[in-house]
Every structure is written in structure tokens, then in C-alpha cells.
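# Inside the fold
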Amino acid sequence: MSLKAKEVATQNGQPEASYDTIETKLTFRHYPGDRFSHESLGLSVEEVGDIYRNMLLQRRFEERSAQMYGRQKIGGFLHLYIGQEAISTGSAYAIKPGLDSAITAYRDHGLALALGMTSNECMAELFGKVDGCSKGKGGSMHFFSKEKGMFGGHGIVGAHIPVAAGIAFAHMYKNDGGVCICYLGDGAVWQGSFHETLNLASLYRLPVVYVIENNQYAMGTAVDRATAETDLFKQCVSYAMPGSLVDGMDVFSVCQAMRDHVDMAREGQPSIVEIRTYRYRGHSMSDPGKYRTKEELEAKKNEDPILRLKSYLIQESLMSNEELDVLDVEVKAEVAASVTFADESPFPPLEDIYEHVYTQEDFPFLT
Amino acid sequence: MAELQLREAVRAAMVEEMDRDENIFLMGEEVAEYNGAYKVSEGMRDRFGDQRVIDTPISESGFAGLGLGAAMNGLRPIIEFMTWNFAFVAIDQIINNAAKVRYMSGGQFSFPIVFRGPNGAAGQLAATHNTSVEAIYSCFPGLKVISVSNPDDAKGLLKSAIRDDDPVVFLESEFMYGMRGEVSEAEDYTIPIGKARIAREGDAVTIIGHNKSYWRALEAAEMLEADGYAAEVIDPRTIRPFDWDTVISSVKKTNRCVVVDESNPFASVSSEVAFQIQARAFDYLDAPVHRITSKDTPAPYAKNLMEYYLPSTEDVYRACRAVMYLD
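Because the structure is a prediction, the values reported are computed rather than measured.

Ranked by size, the top nonpolar core spans 78 residues in total, and within it Tyr210(A), Phe81(B), Trp84(B) and Phe115(B) carry the most contacts. If one sorts the elements of this core by residue count, helix H6 (residues 160–174) of chain A sits on top with eight residues. In this structure Tyr210(A) touches Ile161(A), Ala164(A), Ala165(A), Cys182(A), Leu184(A), Thr197(A), Leu198(A), Ala201(A), Ser271(A), Ile272(A) and Val273(A), once residues within four positions along its chain are discounted. The next biggest cluster of nonpolar side chains, apart from the first, holds 70 residues, and it includes Leu41(A), Ala66(A), Ala124(A) and Ala265(A).

See the structure below:
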């Protein structure tokens, strides 16, 4: 193939005179960086500090996870969220804990910690221990917490998208006022399940927000190599729902956008939010990231959402360097303690292999 | 007892359960306004309204997954596939989510959901519309698989399936929707999942058949009776979990077994049944287990080929005579 879709479109040029034309005005919301402040969001100094701490916790937790992966304490795949923390934390501050629901794909550690799951249960799950959040049955890609409204952690790209619609459907059916937020990557947009589900969500007016975390790469495939229309938020047009574009490196932009979209969902209007972000690490631990340049990576690191918020806290005199240092020590200690906890937690007993398959307690497994 | 068509028995089960529990809803293609592609859900939208009997676009993956999310969040969906052939585009939802997410969540999230619809051969529809899926879904721990052969079982087992807290694949049949049979009117009539039914007692040979194959088994038993032999006919009713005790006890009595299974032969239900019988009752067998399945080909269109493709009563009869060394 020699021509890109855009070039083909240009070549086709203006419609022939024998055709009528249909003109449509499309409007999307844009939430750029540096537009919002803690004051505009109505966040107290303490809350901004909590936001910073939560993002930092995700970062330190995953840095330590990578280390533990190297020491073979963690098996299987490990997909790190580093660089994307503003999305998990920013949206966690836009929902009602205990009422709303969240579901994501396999890059799920950040969301779990943002929703209030503990470092201990998360690290123990990575270690495959019985005290893990999924009792050692799920691992890195399958974190769950019914208590925290965390509906997973799903390993098949796009497979959780219709499930999110169902979670939202149940909120609507029970009329409990809850909303479901579904996170998916830019790669998942090209699964059929995305398109089937967005139509269903709009048709049934489900209280759901679909958040496309566009981190620029579906594994090693850059968005423009997989996508004809690289503005992913424009997918909303096909499903008669609102769509927004958000700077995912600014937690305040994320939080404002998610508040607006969660409000819409609560009124029965599903929507799409594309949040542009960047993952600093490879797709998984085995990925050397040869599909991007060092310069690109370094440039993106200058936009780091955590450093950005740290600068903001200092500039606005919300926290001092000393206070930030104390926080850093605290977070590191929490993560270190989670490693000790995970190390000391027992492996699941062998007879546990038959646990949790069925609710039925005496299912006659073939042995 | 009331005489009902199988479609009416399925409907009766859904209506009774939906009357009992408002968390149950029915969703699928043409289930509401059209009253069901095979009229199974006729009148249900009028009774329960659009909120509980819900038409979908042609998006099996989407609405199967939607059902699963609803089940995770406290509802008890019944998802109708117009036929199980169309569920192949939703199979990821059934295999990866319905069967496995409970396990991967350490038991935190359950899936009280029924996926139901007609399964297996439905006439001259060629290969894509004539698939028997029971063996496929029975491969996956986390699912339960029920396949019914008559209206009474359809009602009793569907009610049990709807009440079950695990995901159930419930297999009906286009050919049998119009079949009439006596159906219990007992209040709260349920049939336990995982229990086979001995339809006919005998000591000469055990014939096992589910769904339409049950009727081939029964017809063959009648032919054998004319020859002076009493065949024992077992309808397993549930494929996963399978009622091994009933089958093994029978084989220990008759010492011979023929399995009738409309699946394609490789890794079919009959494969597992034959394996379990040799593993559990080898010393009781007077002949190798025989099986009659569909041919090892896609289903054909031509009428004569389609008749040749499916298990026939004559095939079953001859297999029984073979294991009895009569010919």
C-alpha cells in the first residue's frame, strides 16, 4: 500500500458537481494541560497532597515491582503503568467511592492503588500469594476488589469493554445512581467489542464513561500505524455520544474531564474520553522499546505528571520540599513493607486449585 | 401435568422465575417486539415490559459481555442466542469471562447468568448453522452445560439454571421447539443440575443420548425390544457436570454401551464418556464402547447428505447389536 488514507481522501478531492453535500458541525470538548488548578477543582491542600501521594505510590510500587520481577519473585507478564498515573488518580477523584465502579485491562496496578486497594494485597498478588487481592489466582493482569468497586484487571484486549456496559446496565436497572468507568488502551479501539458496545451503551443510555488511555503504542505499534483516524475521541460520532480530548500528563485536566463525564453518565449519557498519555516503560518487562527513539522518550519524561504536580505544589507554596521529602520516604516505606508482606505471605495450598471455579461447593471435578 | 411444546416449557420457566425475582431479565435478538425468532419469548415483553425483556442489535459479543457485567454487578441475566451458531462471535465472552473471571478474582465476582438458545442440527442450513457446541463449552471449567431433550426437563432444568449462581450454557433445539410433552405444574418445579435420567430400564445394553440424540436412543431401544432385548436408555441432561455414577452403574449392569452424540466425533461428548467408562468400568465391559456421532465433516446442505451426516436410529440400532455380538 503506497497511499495513506488521508492522502487518498485528499486525492479524491471535492465531490463531483452531480452530488449534493451533507455538512455536519462536530464539536468536542478539549481539556488541555495547565488549564485547571486545585482551586478551580475545589480541592483542598490536603486533597492535592493525597493526589500527589497516590500517584507517587503507584510510581514507587511499580518501580519496586520491576525490581522484584528481575529477582523472579513475580512471574508471568508485568505491564507497568509508569507515566500514566495522572489518569488513574485523576479519575479516582471524580467518582463516588462505594457507589461507582471501575474496570480496566491488564495494565491495572495503577487503577487498583488509585481506588484504594492496599500495596500489601497488590504486591502479594504479584508474588502469587494467598493474601493477594485475587488470592494468587489472577496475578498482575487480574487485580480485583469487590469492596473497592474494582471489577478487574482483564487480560484479553477489548474483552472487558462489553462487561463495563453490563456493570453500568446493572447500576441503571437497580437505579442505584452508580456509574461505571471503563479504561481501555488505544489498541483496544480496533476490537469489534468496542464498537458493538459503544452502540449498545448509547442505545440503552447506560451510565458509563469509556476512557481511552492513548499511550501512543499498542504494544509496539504506534497509533498512526494502526489507526486511520488518529483522533480516537472522534469515535464518539458514530455512536451519537459526546467525546473529549484530555491531556493525561496533567492530573487536574484529567480530574475536571472525568468529573464532567461522570456527571453526564449519571444523567444517562454515556461518552468517550480520550486521554493522551505516555508509558515510559516497555509494553511489558520483555519489551526493549525499539519502536521509539530515546529522544521521544526523554521529551515525554519532561512532561511527567508526578514531577509536574510536584512543581505545582512548590510553586503554589502548598507543600515545602521538606514535606515532599517526608512523603517520599513514607511512600517508599509503604512499598518496602508490601514487599516484606508479600514475601511472608504463604503460597496458596495445592487444594486451593479447585477453589473459586464454581460457587457450587461440591462440584464433581474430573480428577 | 400440562401438555406444552418445548418452547412453551422454556417460556414457562423464564416467566415463573422472572415473576419470582425482579433481578432476572431476558436479552437477545428479536426477543421482545418480534416475540422471539422461534417464539420462545412470545408475550414476555407485554408481561414484563421493555426494561426486562430487551431487544438487542446484532452484536452477540456486545450483549453477551453486557450480560456478564450485569451478573457481576448483582443481576441475573438470561441471554438468548438466536442459535448457538451465532454465539461463536461471542465465544471469547463465554470462555474467557464467564468461565474464568470468578477464578481469577479469587471468588469475589460470580456470574449467575444463563446463555440459552437452540443447538445442533436444524435442517438444510449447511455447515455454519448446524453446529453442536456442547463438547466445546464443556471443555471449560467454570461453565455448566445443560442439554435438554423434552419439555418437562426444559422447564425443570431451566428454572434450576436460572437459580444457579454459576454461568450455565443451556442448549435447546429448533427441531424440538414444537415437540409436545407433559410438563409438571408443581409449584417451584426444578430438576437438579448434574443428574441424569434413566428413561427406560434394561439389562442388555446401555444407550446414552442427550438432546435430539436421546430420541434416536429411545427409538433404537424400541427396535431392540422387538428383537427381544431390553436396552437401558440414559439421558444425561447435564453435560458438565456429567452424572458418571448413573452411567457407570448402568454399564456395570449391562456390560455394554453405545453413546449417541450429534457432535462431530473428535473430542466430542462421546469421547469423554467412552474414556470414563473404560477408566471406571473396564472389567465390566463385554465389548468396546461404540459411539454414533455426526460425520467427521462440516454439515452438508443436500437433503440426502444431511440425513447421512446425522446419527440415525438405524445406526444406533446396529451399533447396539454389534456390542451385543448379535450379527
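Here the focus is the packing of aromatic side chains. All chains considered together, the criterion is met by 22 aromatic pairs over all chains. Centroid distance Phe81(B) to Phe115(B): 5.8 Å. Interplanar angle 10 degrees. Geometry classified as stacked. Note that Phe81(B) is positioned in the loop between strand S4 (76–80) and helix H4 (91–98) and Phe115(B) in strand S5 (residues 114–118), a separation of 34 residues in sequence. Here Phe81(B) matches Phe115(B) in class, with each residue buried. Clustering of aromatic rings is evident, with ring pairs tying together Phe63(B), Phe81(B), Trp84(B), Phe115(B) and Tyr137(B). Seen from the ring of Phe347(A), Lys129(A) lies directly overhead, with NZ or CZ sitting 4.7 Å from the centre. The ring centre of Tyr308(B) lies 4.2 Å from the NZ or CZ of Lys295(B), which sits over that ring.

Residue and element names in this part refer to chain B. The pairing of strand S13 (residues 257–261) with strand S14 (residues 290–293) spans four bridges and is parallel. Pairing of valine 258 across the sheet is with histidine 290, part of S14. In terms of handedness, the path from S13 via helix H10 (residues 269–281) over to S14 forms a crossover that is right-handed.

All told, the structure shown has 44 salt bridges over all chains when counted by the stated rule. The partner of Asp34(A) in a salt bridge is Arg308(A), and the shortest N-O contact between them spans 3.2 Å. With Asp34(A) in the loop between strand S1 (29–31) and helix H2 (45–70) and Arg308(A) in helix H11 (residues 305–315), this pair connects stretches of sequence that are 274 residues apart. The exposure class assigned to Asp34(A) is exposed, which follows from its relative accessible area of 64%. Classification of Arg308(A) as partly exposed rests on a relative accessible area of 22%. For Asp235(B), the salt bridge identified is with Arg197(B), shortest N-O distance 3.9 Å. Here Asp235(B) is found in strand S11 (residues 231–235), whereas its partner Arg197(B) is found in strand S9 (residues 197–200), with 38 residues between them in sequence. Look at Asp235(B) and you get buried, because its relative accessible area is 0%. What emerges from the salt-bridge pattern is a single network uniting Glu16(B), Glu17(B), Arg20(B), Lys155(B), Lys159(B), Arg163(B) and Asp188(B).

Within the secondary structure, Ser101(A) is located in strand S2 (residues 101–103). A polar atom in the side chain of Ser101(A) sits 2.6 Å from the side chain of His171(A). In contact with Ser101(A), other than residues within four places in its own chain, are Gly149(A), Phe151(A), Ile167(A), His171(A), Val179(A), Cys180(A), Ile181(A) and Asn73(B).

Conventions used here
- Residues numbered from 1 in each chain as written.
- Chains lettered and ligands numbered in written order.
- Predicted model: local features only at pLDDT ≥ 70, side-chain atom pairs only at ≥ 80, totals over all residues.
- Heavy atoms only, no water.
- Core = buried A, V, L, I, M, F, W, Y, C linked by side-chain atoms within 4.5 Å.
- Buried < 20%, exposed > 50% of the residue type's maximum accessible area, 1.4 Å probe, protein only.
- Helix = DSSP H or I, 4+ residues; strand = E, 2+ residues; numbered from the N terminus.
- Contact = heavy atoms within 4.5 Å.
- Phe/Tyr/Trp six-rings, centres within 6.5 Å; stacked < 30°, edge-to-face > 60°.
- Lys NZ or Arg CZ within 6 Å of the ring centre and 35° of its normal.
- Pairing = 2+ DSSP bridges.
- Right-handed = clockwise from strand over helix to strand, strands pointing away.
- Salt bridge = Lys/Arg side-chain N within 4 Å of Asp/Glu carboxyl O.
- Polar contact = N/O pair within 3.5 Å; in protein donor to acceptor, adjacent residues only side chain to side chain.

This is a description of form; function is not addressed.
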